[in-house]
Every structure is written in structure tokens, then in C-alpha cells.
Amino acid sequence: MTVRTVGAWDAEEIVGLYRAGEWWKEEWTADGIPALIEGSFCFVVAVDDTRAVGMGRAISDGCSDAYLQDIIVLPEYRGHGIGDAIVEALVEFCTARDLAWIGLIAQPGTVAFYRRHGFARMTGHVPMLLKEENDLS
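Residues numbered from 1 in each chain as written. Predicted model: local features only at pLDDT ≥ 70, side-chain atom pairs only at ≥ 80, totals over all residues. Heavy atoms only, no water.

As annotated in an unreviewed UniProt entry, the protein chain is N-acetyltransferase from Methanofollis formosanus.

Structure representation (C-alpha cells):
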């Protein structure tokens, strides 16, 4: 298994990863995947032979801040250090470019995983998401 920084990848494999993470909405199409990859500051895939079994990306302005997101490993490949390798590759890419702030939003149950990589809770901060006016809970 290797982790590669890529500028393009098979869109259907990436859709499969998003589905495995339960982050794919069925009304979406794979047509947007190339732009998603190209628009990322860094996009990595974990490859077993030629198949992507994990991925992650960093979103950044390239000079101050970065957010890690969409870190996914196929269920049958979890527990083998692939997620660790993805996070390490993304952090290394960002720190090599002297980014001063690297953040993420951890899903429930993943805090310990990210703590192992040096991430800590941001005391006093609340992650927020833009909602429709009638859904502002």
C-alpha cells in the first residue's frame, strides 16, 4: 500500500470511497470529482496495487491556513495504519509549505485517532454549517 499525492483519479473509485464514508448524496454525480480533486490544495489516495482504498484532502489558501477533510478508508482496510499514513501525508504537505494553522472537524468516535497526530480540541470554538433559513437548529 502506498499513499500518493495526485492531481486526478478515477472518479468512480472516489465516489466509492465517499459512499464507504457515508458522505455521498445520491443526487450528486461523479462528474464533479475531477474539479473536487483539482480544487484541493492537496489530494492523496492510498493505493493497494492500482485501486484506491483510502483518500484525504487538504483545502487551503496556500499561505496561512488549511483544513483536512474527507479522510476515508474502505472498511475492509481499516485498522492497518492507512488512515494514519493519509493524515501524515496531508500534514507533511501542509507543514512543508509553512502553513501556520491546520484544522479539521472530527466525526464522533475519531477524536482519539486525530489526537495521535497532534490535533487537539479547540476550546471555546464551535464548528458551524450554513443551513437553510427554515433549518437553523
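1. Describing the environment of Ala89
Defined as follows: Runs of H or I in DSSP of at least four residues are treated as helices and runs of E of at least two as strands, each being numbered from the N terminus. Throughout, a contact is declared for two residues whenever any of their heavy atoms are within 4.5 Å.
Here Ala89 shows up in helix α3 (residues 82–95). Distance from Ala89 to Gly56, taken between C-alpha atoms, is 9.2 Å for residues 33 residues apart in sequence. In contact with Ala89, other than residues within four places in its own chain, are Val3 and Val44.

2. Focus: the sheet that holds strand β5 (residues 101–103)
We apply this condition: A pair of strands counts as paired when DSSP detects no fewer than two bridges linking them. Every axis corresponds to a line fitted to the C-alpha atoms, with the helix fit spanning only the stretch in contact, and the corresponding angles, defined between N-to-C directions, vary from 0 to 180 degrees.
A sheet is described by the order of its strands in space; here five strands give the open sequence β1-β2-β3-β4-β5, paired in mixed fashion. What marks the edges here is a single partner per strand, and that holds for β1 (2–5) and β5. If you compare each strand with its neighbour and ignore which way they point, the axes differ by 20° on average. With six bridges joining them, strand β3 (residues 51–60) and strand β4 (residues 65–73) adopt antiparallel strand pairing. Residue pairing for β4: Arg57 is matched across the bridge by Gln69. Together, β1, β2 (42–48), β3, β4 and β5 form the strand contacts of α3, whose direction differs from that of β4 by roughly 160°.

3. Side note on unusual backbone geometry
The phi angle at Glu22 is positive, at roughly 60°, despite the residue not being glycine. Along the chain, Glu22 turns up in the loop between α1 (11–20) and α2 (33–38). Positive phi, normally seen in glycine, also occurs at Asp70, with a value near 55°.

4. Description of the nonpolar core
Test applied: To qualify as a nonpolar core, a set must consist of buried Ala, Val, Leu, Ile, Met, Phe, Trp, Tyr and Cys residues joined through side-chain atoms within 4.5 Å. A simple rule labels every residue: compare its accessible area, found with a 1.4 Å probe on the protein chains alone, to the largest value its type can have, and call it buried under 20%, exposed over 50%, or partly exposed in between.
Among the nonpolar cores identified, the biggest contains 38 residues, and Trp9, Ile14, Ile33, Val45, Met55, Ile86 and Leu90 are the most heavily contacted of them. Breaking this core down by element, the ones donating at least two residues are α1, α2, β2, β3, β4, α3 and α4 (111–115). Here Val45 is in contact with Thr2, Val3, Arg4, Val6, Trp9, Ile14, Ala52, Gly54 and Met55, once residues within four sequence places are set aside.

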